[in-house]
Amino acid sequence: MQRLEGEPIQCASTKPRLAQALTRDITRSLASRDSRVSIVLYDRTTRTSCMYRADEHYDSASIVKPIVLGALLHATGGELSAEEQDLARKMIVHSDNASTYVLWDIVGPENIQDFLDAAGMTNTIIDEAGFMGLTQVTARDQATLLELLTGEDDAVLGEEERAYILGLMHDVQEDQRWGAPAGAPADAAVQVKNGWLQRSDKNLKDPRDRGDWKVNSMSALTGRAYDYGLVVLTENNRVPEDPDAGWAYGMDTIEGVAKAVHRNLYPGR
């Protein structure tokens, strides 16, 4: 373990040197960053995991969208209409908010909560006012979702339903494929969903809400010998005179962590 801002980065592995290298390089990637960050990594192949502030809450922004689709599939037994399939593709592949809210209303908060309970995502909190992007998520719960989608347990979602969600995440449009996949092995199948949100420029009472960008990324990497996932959540990304700089700063924070992870797990690939 190595401490960063008073909390430990915890990495464990059947390969002790790998755990040490991950701890060292993730710490280095964050040493000069101002972002508030949470991280969860799992790798089934090397039996490696890393966690940092895994249970802290963040505004979800668009990384709630695979939850919405999972809840819809869970509620319908995987039977979606042609319209729902079209909306689901727009929601995941293009991160279309209007489509998300249509599906959010179709599935409803009770069914979303039922899915969260079934999936074991016990720290995810649906926004009471119904704003999907203000769902409170944790890195641990989002990693739990990735493990569910890439696993073999049919108890929550069947094989076809899991593959359906992963397929849409695999097809995410090119300009939204940044973040957790940065530096990933070239021969890995990459499934990704990102989210970004500038919460407010007026609420100065909450020190976590200074108008800074909240930028999140989650990715599952599969294919060949790969079977791992990475979640990085950030907020308090600085906003200089250019308001878009905070978004880029958060993305750079995430990609610094991601490159350290991929480089150590699978060097040279």
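Residues numbered from 1 in each chain as written. Predicted model: local features only at pLDDT ≥ 70, side-chain atom pairs only at ≥ 80, totals over all residues. Heavy atoms only, no water.

Enquirer: Residue-level account of the overall build of the protein chain, with values.
Expert: Scanning the protein chain from terminus to terminus reveals seven helices and nine strands. Counting only C-alpha atoms, the protein chain reaches 50 × 50 × 30 Å along its principal axes. Looking at the protein chain residue by residue over its 269 residues, the buried ones come to 55%. Counting contacts in the protein chain only where the partners sit at least 6 residues apart, residues at least 24 apart contribute 66% of the total. In the form shown here, the protein chain has an accessible surface area of approximately 11,900 Å², with 47% of it arising from carbon and sulfur atoms. One way to put it: in the protein chain the 28 positive side-chain charges average out to a point 10 Å from where the 42 negative ones average out. (Helix = DSSP H or I, 4+ residues; strand = E, 2+ residues; numbered from the N terminus. Buried < 20%, exposed > 50% of the residue type's maximum accessible area, 1.4 Å probe, protein only. Contact = heavy atoms within 4.5 Å. Areas by Shrake-Rupley, 256 points an atom, 1.4 Å probe, with all protein chains shown as cover. Lys, Arg positive; Asp, Glu negative; His and termini not counted. Charge placed at Lys NZ, Arg CZ, Asp CG, Glu CD.)

Enquirer: For helix H1 (residues 16-30), give the residues involved together with the corresponding values.
Expert: Look at H1: 22 Å from first C-alpha to last across 15 residues, which is about the 21 Å you get at 1.5 Å a residue. Taken together, the buried positions of H1 are occupied by Leu18, Ala19, Ala21, Leu22, Thr23, Asp25, Ile26, Thr27, Ser29 and Leu30. (Expected span 1.5 Å × (residues − 1).)

Enquirer: Please set out the nonpolar core residue by residue, giving values where relevant.
Expert: If you look at the biggest cluster of nonpolar residues, it comprises 47 residues, and the most contacted ones within it are Ile67, Leu69, Ile112, Phe115, Leu149 and Leu157. Elements represented by at least two residues in this core include exactly strand E3 (36-43), helix H2 (65-76), helix H3 (82-93), helix H4 (97-119), helix H5 (139-150), helix H6 (159-170), strand E8 (213-223) and strand E9 (226-237). Ranked by residues supplied to this core, first place goes to H4 with seven residues. With 32 residues, the next largest nonpolar core counts Leu18, Leu22, Ala188 and Val232 among its residues. (Core = buried A, V, L, I, M, F, W, Y, C linked by side-chain atoms within 4.5 Å.)

Enquirer: Can you lay out the side chain of Glu161 for me, pointing to particular residues and giving the numbers?
Expert: As for its placement among the helices and strands, Glu161 is situated in helix H6. Arg162 is the oppositely charged side chain nearest to the buried, salt-bridge-free Glu161, at an N-O distance of 6.9 Å. Each residue touching Glu161, except ones within four places of it in the same chain, is listed here: Leu73, Gly77 and Gly78. (Salt bridge = Lys/Arg side-chain N within 4 Å of Asp/Glu carboxyl O.)

Enquirer: Let's hear about the pattern of salt bridges: which residues, and what values?
Expert: One pass over the full model with this rule turns up 14 salt bridges. Across the pair Arg36 and Glu56 runs a salt bridge, and its minimum N-O distance is 2.7 Å. Separated by 20 residues along the polypeptide, Arg36 in strand E3 and Glu56 in the loop between strand E4 (48-52) and strand E5 (58-59) bring together distant segments of the chain. The exposure class of Arg36 is buried, given its relative accessible area of 13%. In this structure, Lys214 and Asp59 form a salt bridge, with 3.2 Å as the shortest nitrogen-oxygen distance. Residue Lys214 is found in strand E8, and its partner Asp59 is found in strand E5; the two are separated by 155 residues along the sequence. What you see here is one network of salt bridges that share partners, running through Arg36, Arg53, Glu56, Asp59, Lys214 and Glu235.

Enquirer: Please set out the side chain of Ser38 residue by residue, giving values where relevant.
Expert: By the element assignment, Ser38 lies in strand E3. Here Ser38 falls in the buried class, since its relative accessible area comes to 0%. Looking at Ser38, its side chain comes within polar contact range of the main-chain oxygen of Arg53, at 2.6 Å. Not counting chain neighbours up to four residues away, the residues in contact with Ser38 comprise Tyr52, Arg53, Glu56, Tyr58, Ala139, Val231, Val232 and Leu233. (Polar contact = N/O pair within 3.5 Å; in protein donor to acceptor, adjacent residues only side chain to side chain.)

Enquirer: Pulling in residues and values, what's your account of the environment of Ala245?
Expert: Within the element layout of this structure, Ala245 appears in helix H7 (residues 245-265). Given the relative accessible area of 24%, Ala245 is considered partly exposed. For the pair formed by Ala245 and His94, sequence separation is 151 residues and the distance between their alpha carbons is 22 Å.

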